[in-house]
Amino acid sequence: GAGVSQSPSNKVTEKGKDVELRCDPISGHTALYWYRQSLGQGLEFLIYFQGNSAPDKSGLPSDRFSAERTGGSVSTLTIQRTQQEDSAVYLCASSLSGLGTGELFFGEGSRLTVL
Amino acid sequence: AQTVTQSQPEMSVQEAETVTLSCTYDTSENNYYLFWYKQPPSRQMILVIRQEAYKQQNATENRFSVNFQKAAKSFSLKISDSQLGDTAMYFCAFMKHSGMAGGGADGLTFGKGTHLIIQP
């Protein structure tokens with residue numbers, strides 16, 4: 001597709017289970033971001049990938065959160081032993097390489113509900 | 001670190017009216033971008049308008065315009081002739097110019113948003 005694609009759109013899980021969220025960025029975009037949006041809040045930065053460089057994980061809230069990006073394209077955000085406070089919308093965004101145009105292109109997010 | 005503040009959690013206006021959403025930010029950077037993003041119920045963040053800090057002229061995109069006051073660190077969004085489809089969450093965002101895609105590791109710093117409701 002032409003835009004950033006995320007799956008699943010909605011995920012309901014039980015506390016303690018692991019979940020995986022997928023992001024397929026726009027083809028050719030080297031920068032990829034994961035954000036978390038809790039109810040009534042703005043976007044909280046989680047992790048950033050740039051090409052094949054080591055990711056910036058400074059925004060990950062705990063060691064239960066991890067992410068990888070295979071082949072510089074698709075990314076997976078994994079949350080282990082989910083907690084109720086992990087319930088949120090997880091947004092992925094990508095951007096072109098080169099001098100920053102400043103624009104990030106977002107997917108529609110994955111809504112995670114932890115019961 | 002940068003901070004972005006949106007002081008209006010919710011606003012409501014009548015269709016066809018003009019509405020202004022406020023945003024202030026704090027940074028020690030001199031070269032940066034400012035954005036307004038719209039998030040309708042579909043959840044997808046859509047870029048509404050962008051302003052480069054080195055440009056004095058205020059950005060405009062059809063019915064959307066900004067009032068950028070660099071010294072005051074203020075970046076308000078004006079929507080003219082508001083339409084029902086403008087109903088959404090609006091987020092103000094800051095990006096340091098790093099020369100890297102998407103602003104580098106700093107990415108975007110977002111405000112908490114303003115829920116704009118356009119009444120028929």
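Report follows, based on the coordinates. (Residues numbered from 1 in each chain as written. Chains lettered and ligands numbered in written order. Predicted model: local features only at pLDDT ≥ 70, side-chain atom pairs only at ≥ 80, totals over all residues. Heavy atoms only, no water.)

### Quick word on the overall build of chain B
Operational definition: Put simply, DSSP marks the helices as runs of H or I at least four residues long and the strands as runs of E at least two long, and each gets a number from the N terminus on. Put simply, the radius of gyration uses C-alpha atoms, and a globule should come to 2.2 Å times the residue count raised to 0.38. Each residue's exposure class comes from its accessible area (1.4 Å probe, protein chains only) as a fraction of the maximum for that residue type: buried when under 20%, exposed when over 50%, partly exposed otherwise. Every residue pair with non-hydrogen atoms within 4.5 Å of one another is taken to be in contact. The accessible surface values rely on the Shrake-Rupley method and a 1.4 Å probe; as for residues, cover is taken only from the protein chains in view. Neither His nor the chain ends is counted toward charge; the positive residues are Lys and Arg and the negative residues Asp and Glu. To locate a charge, the coordinates of NZ of Lys, CZ of Arg, CG of Asp or CD of Glu are taken.
Looking only at helices and strands, chain B has 0 helices and 12 strands in total. The N-to-C order of helical and strand elements in chain B reads β-β-β-β-β-β-β-β-β-β-β-β. The C-alpha radius of gyration of chain B comes to 14 Å, within 12% of the 14 Å expected for a compact globule of 120 residues. Taking the principal axes of the C-alpha coordinates as reference, chain B spans close to 45 × 30 × 25 Å. Within the span of chain B, comprising 120 residues, buried residues form 48% of the whole. In chain B, the proportion of contacts linking residues at least 24 apart, taken out of those at least 6 apart, comes to 56%. Entry remark: accessible area of chain B is about 5600 Å², with carbon and sulfur atoms responsible for 46%. Across chain B, 10 positive and 10 negative side-chain charges occur, with their mean positions spaced 6 Å apart.

### Describing unusual backbone geometry
The omega torsion across Ser7(A) and Pro8(A) is -5°, close enough to zero to call that bond cis. Located in the positive-phi region is Asn62(B), a residue other than glycine, with phi close to 55°. When its relative accessible area of 81% is taken as the criterion, Asn62(B) is described as exposed. Of note in this structure, Asp81(B) is not a glycine but carries a positive phi near 50°. Tracing the backbone shows Asp81(B) in the loop between strand 9 (74–79) and strand 10 (88–96).

### Some details on the side chain of Ser94(A)
Residue and element names in this part refer to chain A. So the rule is basically this: N or O atoms within 3.5 Å of each other form a polar contact, as long as, within protein, one can give a hydrogen and the other can take it, and as long as residues adjacent in sequence are counted only when both atoms are side-chain atoms.
If you trace the backbone, Ser 94 turns up in strand 8 (residues 88–95). At a separation of 2.7 Å, a polar atom in the side chain of Ser 94 contacts the side chain of His 29. Filtering out sequence-adjacent residues up to four positions away, Ser 94 remains in contact with Val 4, Pro 25, Ile 26, His 29, Ala 31, Leu 32, Glu 103, Leu 104 and Phe 105.

### Digging into the sheet that holds strand 3 (residues 19–24) of chain A
Residues and elements named next belong to chain A. For clarity, the cut-off: Strands are labelled as partners when DSSP assigns at least two bridges between them. Between N-to-C directions, angles span 0 to 180 degrees; the directions come from axes that are lines fitted to C-alpha atoms, helices contributing only their stretch in contact.
If you trace the 4 strands from one edge of the open sheet to the other, you get 1-3-7-6, paired in antiparallel fashion. Across the chains shown, the open sheet's two edge strands, defined by having one partner strand only, are strand 1 (5–7) and strand 6 (65–69). Averaged over all pairs of adjacent strands, the angle between their axes in this sheet comes to 15°, without regard to strand direction. Sheet analysis places strand 3 next to strand 7 (residues 75–79), joined by 5 bridges and oriented antiparallel. Note that in strand 7 the partner of Leu 21 across the bridge is Leu 77.

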